[in-house]
Amino acid sequence: MTQQNLFLGIDCGTQGTKAIVLDAFSGKVLGLGAAAHTLISGANGRREQHTQEWLDAFTEATHRALQQAGVDGQDILGIGVSGQQHGLVLLDDQGQVLRPAKLWCDTETTPENERLLQHLGGERGSLERLGVAIAPGYTLSKLLWTREQHPDLFARIAHVLLPHDYLNYWLTGRAVAEYGDASGTGYFNVRSRQWDVALLRHIDPSGRLEAAVPELIEADQAVGTILPTVALRLGINPAAIVASGGGDNMMGAIGTGNIAPGVITMSLGSSGTVYAFADQPNVSPQASVATFCSSSGGWLPLICTMNLTNATSVIRELFELDLGAFNALVEQAPIGADGVSLLPFLNGERVPALPHATGSVHGLTMANLTRANLCRAVVEGTTFGLRYGLDLLRQTGLQSQHIRLIGGGSKSPVWRQMVADIMNTEVICTEQSEAAALGAAIQAAWSQSGESLASLCDKCVSVDPASRTLPVAANVSAYQHAYERYQQQVATL
């Protein structure tokens, strides 16, 4: 019998839940499973989800991952949960969910966020006090919105949880939070790693919110043991421990081995993120840089763009192209798309900070208006947004030898070359593109096995040598011209 140390990693995202079975002894992923969620969209930027869908998807994805791995669920030693950041889950004193979860991409609470930002003394005041500048997607404004829109429900709040905190509560019956995910709430101080109780009291002088925020635990501390009923439902070992888990970006950092200075992780998903480990909270004066805590004992300065594969998909659907045909057209057009620029701010934008912006196309002539140029322009436009963010991160002193690329867009060789050329940095993909689920499983192994996080990452995170992409000097200078054009167009907004 070969030795195995099996851990389950779960990533509850906006579009669905992914589960992976990791053997921390060999470092190999043995099985993957997935199940979809639906989104409640409303006027005014409402974006919510029913938490019951998360529990159903968690169960389904776990069963599929165990089946694909061909292992007995009774051998699972621990579980780690990664969750979409910033979402708000409210429970009453019976542990019942009071209303659908408001998500990170919900912009209905923009007016509340403005008022709270004013109370903090603007972005500068927010950075000085909390170490982050609160944005409409953060959890804080969702609390004020709930108090004003649903006072009856607000009066029944007993627990204020983030999505991954809620899943941990469902698994163990214990309400706790971990520093990384807590950093994205807007009522947490990233320098002192404590809740900002006075800010909660500003929203609710009665002290209800202050009593409802969970206890904070360290990243390597376990929440507890899985509840017997949930273990039975998932088909796993009732003695399995549940790790602290964290936000999807924090778990993605662990799942790409980004736990020491020198590596940059870039995710090409619905939204784009760029982040890197720091051992000090060097808070950037730029409000767009979120200096979150990491889930590995340090900090994780991060930028997030709101438009990435969601923008490229819109153009693809407009021209009725499958992914292969779209990539072929991108490759046909020259760098700079013959002068066509697309500012892809279809969803408003966080980086550059243009929350009310819309998308626009510039530089069209009779000669350059082609499908190929428009396809290339949307990929260039979204990637320039990431370059803009990377430049802000580099201003905080981040050094990077290479970029580890994850997310759906990373599978495209055309896009990988574009990232390498625009960032003028070597790019490589990790073998496991479900980096957040992998990171959650590694973190579970860390909290259970006593093995160091660095040695677990060395063993469990591998890069795909075939994806290694180096910048090409001629391309770098051609993109630099196109990027300067992008910056001029952004400045006019």
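Residues numbered from 1 in each chain as written. Predicted model: local features only at pLDDT ≥ 70, side-chain atom pairs only at ≥ 80, totals over all residues. Heavy atoms only, no water.

Named according to an unreviewed UniProt entry, the chain is Xylulose kinase originating from Pseudomonas lactucae. The annotation that UniProt attaches to the chain under Catalytic activity (unreviewed entry) is "D-xylulose + ATP = D-xylulose 5-phosphate + ADP + H(+)". Within the UniProt record for the chain, the comment given under Sequence similarities (unreviewed entry) is "Belongs to the FGGY kinase family." (UniProt positions renumbered as here; feature names shortened; annotations may be inferred.)

Colleague: How would you explain the overall build of the chain if you had to name every residue and give the values?
Modeller: From N to C terminus, the chain includes 18 helices and 24 strands. A compact globule built from 493 residues would reach a C-alpha radius of gyration of about 23 Å, and the chain, at 22 Å, matches this within 12%. If one aligns the C-alpha atoms of the chain with their principal axes, the spans along those axes are about 65 × 60 × 40 Å. Buried positions account for 60% of the 493 residues belonging to the chain. Relative to all contacts within the chain whose residues are 6 or more apart in sequence, the contacts with residues 24 or more apart total 73%. Summed over its atoms, the accessible surface of the chain is roughly 18400 Å², and 50% of this surface lies on carbon and sulfur atoms. In the chain, 31 side chains carry a positive charge and 45 a negative one; their mean positions are 3 Å apart. (Helix = DSSP H or I, 4+ residues; strand = E, 2+ residues; numbered from the N terminus. Rg over C-alpha atoms; globule rule 2.2 N^0.38 Å. Buried < 20%, exposed > 50% of the residue type's maximum accessible area, 1.4 Å probe, protein only. Contact = heavy atoms within 4.5 Å. Areas by Shrake-Rupley, 256 points an atom, 1.4 Å probe, with all protein chains shown as cover. Lys, Arg positive; Asp, Glu negative; His and termini not counted. Charge placed at Lys NZ, Arg CZ, Asp CG, Glu CD.)

Colleague: Break down the side chain of Glu112 for me, citing the residues and quoting the values.
Modeller: With respect to the helices and strands, the residue Glu112 is situated in helix α2 (residues 110–119). Of the side chains with opposite charge, Arg115 lies nearest to the buried Glu112, which makes no salt bridge, at 4.5 Å. Once residues within four sequence positions are removed from consideration, Glu112 is found in contact with Ser141, Leu144, Trp145, Glu148 and Gln149. (Salt bridge = Lys/Arg side-chain N within 4 Å of Asp/Glu carboxyl O.)

Colleague: Which residues make up the nonpolar core, and what are the values?
Modeller: With 68 residues, the main nonpolar core has Leu143, Val160 and Ile442 as its most contacted residues. For this core, the leading source of residues is helix α16 (residues 435–449), giving ten residues. The residues touching Ile442, leaving out its near neighbours within four places in the chain, are Leu22, Ile254, Leu453, Leu456, Cys457, Cys460 and Val461. Membership of the second largest hydrophobic core comes to 51 residues, among which are Ile264, Val378, Phe384 and Ile403. (Core = buried A, V, L, I, M, F, W, Y, C linked by side-chain atoms within 4.5 Å.)

Colleague: How would you sum up the sheet that holds strand β4 (residues 40–42)? Please name residues and give values.
Modeller: A sheet is described by the order of its strands in space; here three strands give the open sequence β4-β5-β8, paired in antiparallel fashion. In this open sheet, the two edge strands, each paired with only one partner strand, are β4 and β8 (101–102). Sheet topology places strand β5 (residues 46–49) next to β8; two bridges connect them, and they run antiparallel. When the sheet's bridge partners are listed, Gln49 is paired in β8 with Ala101. (Pairing = 2+ DSSP bridges.)

Colleague: Please set out the side chain of Thr256 residue by residue, giving values where relevant.
Modeller: Secondary-structure assignment places Thr256 in the loop between α11 (248–255) and β17 (263–268). Look at Thr256 and you get buried, because its relative accessible area is 0%.

Colleague: Give a detailed account of the packing of helix α1 (residues 51–69) against helix α6 (residues 163–172), specifying residues and quantitative values.
Modeller: In contact at an axis separation of 11 Å, α1 and α6 are set at 65 degrees when each is read in the N-to-C sense. When the axes of α1 and α6 are compared, the crossing they make is right-handed. Of the residues in α6, those in contact with Thr51, Trp54, Leu55, Phe58 and Thr59 of α1 are Pro163, Tyr166, Leu167, Trp170 and Leu171. Considered class by class, the residues forming the contact of α1 with α6 number eight nonpolar, two polar and no charged. (Axes fitted to C-alpha atoms, helices over the stretch in contact; angles between N-to-C directions. Left-handed = near helix turned anticlockwise from the far one by under 90°. Nonpolar A, V, L, I, M, F, W, Y, C, P; charged D, E, K, R; others polar.)

Colleague: Give a description of the UniProt feature "active site" (unreviewed entry) in the chain that names residues and reports values.
Modeller: In this numbering, the UniProt entry assigns the feature "active site" (unreviewed entry) to Asp248. Residue position: Asp248 is located in helix α11. On the basis of relative accessibility, which here comes to 24%, the residue Asp248 falls in the partly exposed class. When neighbours within four sequence positions are excluded, Asp248 is seen to be in contact with Asp11, Ser82, Gly83, Gln84, Gln85 and Ala436.

Colleague: Could you give me a rundown of helix α15 (residues 413–423), with the residues and numbers involved?
Modeller: Think of an α-helix as turning once every 3.6 residues; residues three or four places apart then point the same way. Among the eleven residues that make up α15, nine are buried, leaving the element largely enclosed by the rest of the structure. For α15, the complete set of buried residues consists of Val414, Trp415, Arg416, Met418, Val419, Ala420, Asp421, Ile422 and Met423. Just beyond α15, the residue with positive phi is Asn424, at close to 50 degrees.

Colleague: Give me the lowdown on the UniProt feature "domain: Carbohydrate kinase FGGY C-terminal" (unreviewed entry) in the chain, citing residues and values where you can.
Modeller: Within this structure's numbering, the places UniProt gives as "domain: Carbohydrate kinase FGGY C-terminal" (unreviewed entry) are residues 325–447. Regarding residues 325–447, the helix share stands at 46% and the strand share at 12%, and the terminal C-alpha atoms are separated by 45 Å.

Colleague: Let's hear about the sheet that holds β17: which residues, and what values?
Modeller: Spatially, the six strands line up as an open sheet ordered β19-β20-β18-β17-β23-β24, and their pairing is mixed. What marks the edges here is a single partner per strand, and that holds for β19 (290–293) and β24 (426–429). Ignoring which end each strand starts from, the neighbouring axes of this sheet average 30 degrees apart. Where β17 lies against strand β18 (residues 272–276), five bridges are found, and the strand directions are antiparallel. Bridge pairing in β18 links Leu268 to Gly272.

Colleague: Please provide a residue-by-residue account of the pattern of salt bridges, values included.
Modeller: In total, this model carries 18 salt bridges according to the counting rule given. In this structure, Arg233 engages Asp56 in a salt bridge whose closest nitrogen and oxygen atoms are separated by 3.2 Å. Remark: Asp56 occurs in helix α1 and Arg233 occurs in helix α10 (residues 228–234); sequence separation between them is 177 residues. Classification of Arg233 as partly exposed rests on a relative accessible area of 33%. Here Asp196 and Arg129 are joined by a salt bridge, their closest N and O atoms 2.7 Å apart. One end of the pair, Asp196, is in the loop between β12 (194–195) and α8 (197–203); the other, Arg129, is in helix α3 (residues 122–130), with 67 residues separating them in the sequence.

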